[in-house]
Amino acid sequence: MGKEYNGSPKLHQVAESKRTKLTWVLGVSGLCTVFYLLGAWQNTYIPPLKQINTKLGAACNSAAPKVSSSSSSSVSLDFESHHSVGSNETVNGGSLAFKPCDMKYSEYTPCQDPVRARKFQRERLMYRERHCPEKNELLQCLIPAPAGYKNPFPWPRSREYAWFANVPHRELTIEKAVQNWIQVEGDKFRFPGGGTMFPRGADAYIDDISKLIPLTDGSIRTAIDTGCGVASWGAYLLNRNILTMSFAPRDSHEAQVQFALERGVPAMIGIMASERLPYPSRAFDMAHCSRCLIPWKDYEGIYLIEVDRVLRPGGYWILSGPPINWQKHYRGWERSQEDLKGEQDGIEDLAKRLCWKKVVQKGDLAIWQKPTNHINCVKSRRVYKVPHICKDDNSDAAWYKKMETCISPLPEVNNIQDVAGGPFEKWPQRLTAVPPRIISGSLPGVTAEKFKEDTQLWNDRVSYYKKLNGRLAQGRYRNIMDMNAGLGGFSAALANDPIWVMNVVPSDAKQNTLGVIYERGLIGTYHDWCEAFSTYPRTYDMIHSSGVFSMYQDRCDISYILLELDRILRPEGTVIFRDVVDVIVKVKSITDGMRWESQIMDHESGPFNQEKILVAVKNYWTGKAEEGGSS
């Protein structure tokens, strides 16, 4: 039987068939690749600012639009102002959304609620500390803005003016009339810049301080004002590139912190009572008390010891008001000379025991300086038995941690000339210089190189945010919060814009980075996002959330976190969420029922990154005094 030869028609047909099939496979694969790349290119399209900033809709009482989560260009967002009132809003084809709360909650501060505070002891004013509601007490409704609410004045005009309708309280205009804190002019408040101890105005008062310590050479950048009033001291320090954390309790002057934030000045509700201030050790270059009524020499000096904890080595403490210059003011203060002299002597003695040096007392001002290290302070314990130096060196721990009557130890140094923890660069070089805590290796795994990479990463991300959000690019925000600030890169990238950022480090974060943030010349606080933040409603223009909901989704109901964001966000404010896609979709499904409009965007690196960005805008709406609500 003969063999088939190579030129056999059968073999030729088989080979031709294989070539044809291979050609089809390659052709189809090529077309699939081309169309896949084309689709990916289309999905990376960023809508032009004009498209993003088109009209949200004339009225807020219409149904919230359905927004596709699969495209970054399907719906237009609005960042412009619209003052209209809506109610009974629905989402998802008519199903009920979160309802408005009763108007009595318009200024609700969940963890500083005056009604709940009555249950707690009044000793050392502990009833004014944070006391948060139990889970069954949490509101499941949207906090309404007061009728007539308007967008605050832009900075810097907001430093002098605020709308009366936004903070409808006249108490301070009456109680502090002669001190020039605040005045009513028609439909506006005006802030002349006065204070109890600076009737000539905060600017002149700060000039007096500047003649005694260096305020303008960049060596002082961060400050804390204990018992801040309406924060005029912090407001006018901004002219000197000094960023101040102001705090005051929610008390009879119920709106003082609210006024400060309405002015565009950093502030929090807070009090010196039994718990540490929610800031790390060695945070502030300067601390200030102007007739703040804190009993500094009482309770074993615990409050001045707490100031010592948060002051950086070489930092200043400024005191004006009782008992300073008591020889001149004792009649006006309605106190005896013996009482006032005893108070000042007690403060002077306590400052010595803390190893502080009195720099100067001139007129109504007295200034002390904390030592740059504890070499001599350790030796002085042979003379001063109390307060002793704490054995526990976790002086950065400050979330629900009780104050102590011992001195927080400074990092050890070899020479008396050395600065404990390491020296700072002057501002603005301080912003981008590697922080001393990183140089010393205090943050495991965070090197100087990683710090620089993080700084560049957030520069790139903020540039992308500005492409997505025209208002951020135009500088139309003032009060901004970063819910998970890390090393402070987001805030640092905005340092040249007319804004300030409240950098929040979650209390249970893997690494405590808040000290690094302060070393960069920025400010912030610790917080647990399963609880309400220590601020009034409608106090932030923009909130940034990076990885927050992945962190908290297994710890607490994230709908309550989102309701808290709605409480503290101003009408027409913006939230930028950055998280993995499944979390982003879950967040969007909740915010769709909150009178927000939102849009999912691709990561700045493109559509293949599992991390996505959700840009959400809170619609403008207000309540009415006579309307009911839900809780």
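Being a predicted model, the structure only gives us computed values, none of them experimental.

Attention shifts here to the packing of aromatic side chains. Throughout the structure, instances matching the rule amount to 20 aromatic pairs. Pairing Y299 with Y303 gives two aromatic rings, centres 6.0 Å apart and planes at 75 degrees, and the pair type is edge-to-face. One aromatic cluster is present, formed by F164, F189, F191 and F259 through successive ring pairs. One cation-aromatic arrangement involves R461 over W458; the distance from NZ or CZ to the ring centre is 4.7 Å. Positioned above the aromatic ring of W621 is the side chain of R595, whose terminal nitrogen or guanidinium carbon lies 4.2 Å from the ring centre.

With that settled, the discussion passes to the environment of D602. Tracing the chain through its elements places D602 in the loop between strand 18 (596–601) and strand 19 (611–618). Of the polar contacts made by the side chain of D602, one reaches the side chain of K612; its length is 3.1 Å.

Quick look at the sheet that holds strand 11 (residues 357–362) now. As a general point, the strands of a sheet are linked pairwise by backbone hydrogen bonds and lie either parallel or antiparallel. Pairing in this open sheet of seven strands is mixed, and the strands run 8-7-6-9-10-12-11 from one edge to the other. Edge strands, defined here as strands with exactly one partner in the open sheet, are strand 8 (267–269) and strand 11. Neighbour to neighbour, the strand axes of the sheet diverge by 20 degrees on average, direction disregarded. The pairing of strand 6 (residues 222–226) with strand 7 (residues 243–248) spans five bridges and is parallel. Paired with T226 across the bridge in strand 7 is F247. Helix 8 (residues 302–310) rests against strand 9 (284–290) and strand 10 (311–320) of the sheet, and its axis sits at about 135 degrees to strand 10. Sitting on the sheet, helix 10 (residues 337–353) is in contact with strand 10, strand 11 and strand 12 (365–369), with an inclination near 150 degrees to strand 11.

Here the focus is the pattern of salt bridges. Per the counting criterion, the structure on display carries 34 salt bridges. With a shortest N-O distance of 3.5 Å, D298 and K297 are connected by a salt bridge. Owing to a relative accessible area of 32%, D298 belongs among the partly exposed residues under this scheme. With its nearest N and O atoms 2.6 Å apart, the salt bridge here joins R335 to E343. Taking the relative accessible area as the measure of exposure, E343 reaches 14% and is therefore buried.

To continue, consider the sheet that holds strand 4 (residues 183–185). Taken together, three strands build an open sheet; the order of strands is 3-5-4 and the sheet is antiparallel. Strand pairing shows two members of the sheet lacking a second neighbour, strand 3 (161–163) and strand 4, which therefore form its edges. Direction aside, neighbouring strands of the sheet carry axes that sit 35 degrees apart on average. Pairing geometry for strand 3 and strand 5 (residues 188–190), over three bridges, is antiparallel. Residue Y161 lies in a different strand from strand 5, and its bridge partner there is R190.

Residues of the protein with pLDDT of at least 70 account for 82%, and the chain-wide mean is 87. Within the model, the stretch residues 78–95 combines pLDDT values under 50 with 61 contacts to residues more than four positions away or in other chains.

The next point concerns the environment of S507. Position of S507 among the secondary structure elements: in the loop between strand 14 (500–506) and helix 17 (514–519). The sequence separation of S507 and D528 amounts to 21 residues, and the corresponding C-alpha distance is 5.4 Å. Each residue touching S507, except ones within four places of it in the same chain, is listed here: W399, H527 and D528.

This part covers the nonpolar core. One broad rule of soluble globular proteins: the nonpolar side chains tend to lie buried together. Grouped together as the largest cluster of nonpolar side chains are 113 residues, with contacts concentrated most on W296, W317 and F577. No other element matches the seven residues that helix 19 (residues 558–568) contributes to this core. Each of domain 1 (145–423) and domain 2 (431–618) accounts for three or more of the residues forming this core. Ranked by size, the runner-up nonpolar core spans 18 residues in total, among them F490, I499, V501 and V615.

It is worth spelling out unusual backbone geometry at this point. A cis amide bond links P322 to the next residue, P323, at an omega of 5 degrees. Looking at the element boundaries, P323 is found in the loop between strand 10 and helix 9 (326–329). Backbone geometry at R291 places phi at a positive 45 degrees, although glycine is not the residue there. For R291, the position within the fold is in the loop between strand 9 and helix 8. Its relative accessible area of 32% is what places R291 among the partly exposed residues.

Residues in a regular strand point their side chains to alternate faces of the sheet. Counting buried positions along strand 12 yields five of five residues, so the element is predominantly enclosed. Burial of the side chains of strand 12 extends over both faces: L365, I367 and Q369 are buried on one face and A366 and W368 on the other. Across five bridges, the pairing between strand 11 and strand 12 is antiparallel. Its bridge partner lying in strand 12, K357 is registered against Q369. With antiparallel pairing between neighbouring strands as the criterion, strand 11 and strand 12 make up a hairpin whose turn holds two residues, including G363 at a positive phi of roughly 60 degrees.

Burial along strand 15 (residues 524–527) is two-sided: the residues G524 and Y526 and T525 and H527 are all buried. Of the strand pairs in this sheet, strand 14 and strand 15 are connected by four bridges, and their pairing is parallel. Each residue of the ladder has a partner; that of P506, found in strand 15, is H527. Following the chain from strand 14 across helix 17 to the adjacent parallel strand 15, one finds a crossover that is right-handed.

Conventions adopted
Residues numbered from 1 in each chain as written. Predicted model: local features only at pLDDT ≥ 70, side-chain atom pairs only at ≥ 80, totals over all residues. Heavy atoms only, no water. Phe/Tyr/Trp six-rings, centres within 6.5 Å; stacked < 30°, edge-to-face > 60°. Lys NZ or Arg CZ within 6 Å of the ring centre and 35° of its normal. Helix = DSSP H or I, 4+ residues; strand = E, 2+ residues; numbered from the N terminus. Polar contact = N/O pair within 3.5 Å; in protein donor to acceptor, adjacent residues only side chain to side chain. Pairing = 2+ DSSP bridges. Axes fitted to C-alpha atoms, helices over the stretch in contact; angles between N-to-C directions. Contact = heavy atoms within 4.5 Å. Salt bridge = Lys/Arg side-chain N within 4 Å of Asp/Glu carboxyl O. Buried < 20%, exposed > 50% of the residue type's maximum accessible area, 1.4 Å probe, protein only. pLDDT = per-residue confidence, 0-100. Core = buried A, V, L, I, M, F, W, Y, C linked by side-chain atoms within 4.5 Å. Domains from an automatic or database assignment. Right-handed = clockwise from strand over helix to strand, strands pointing away.

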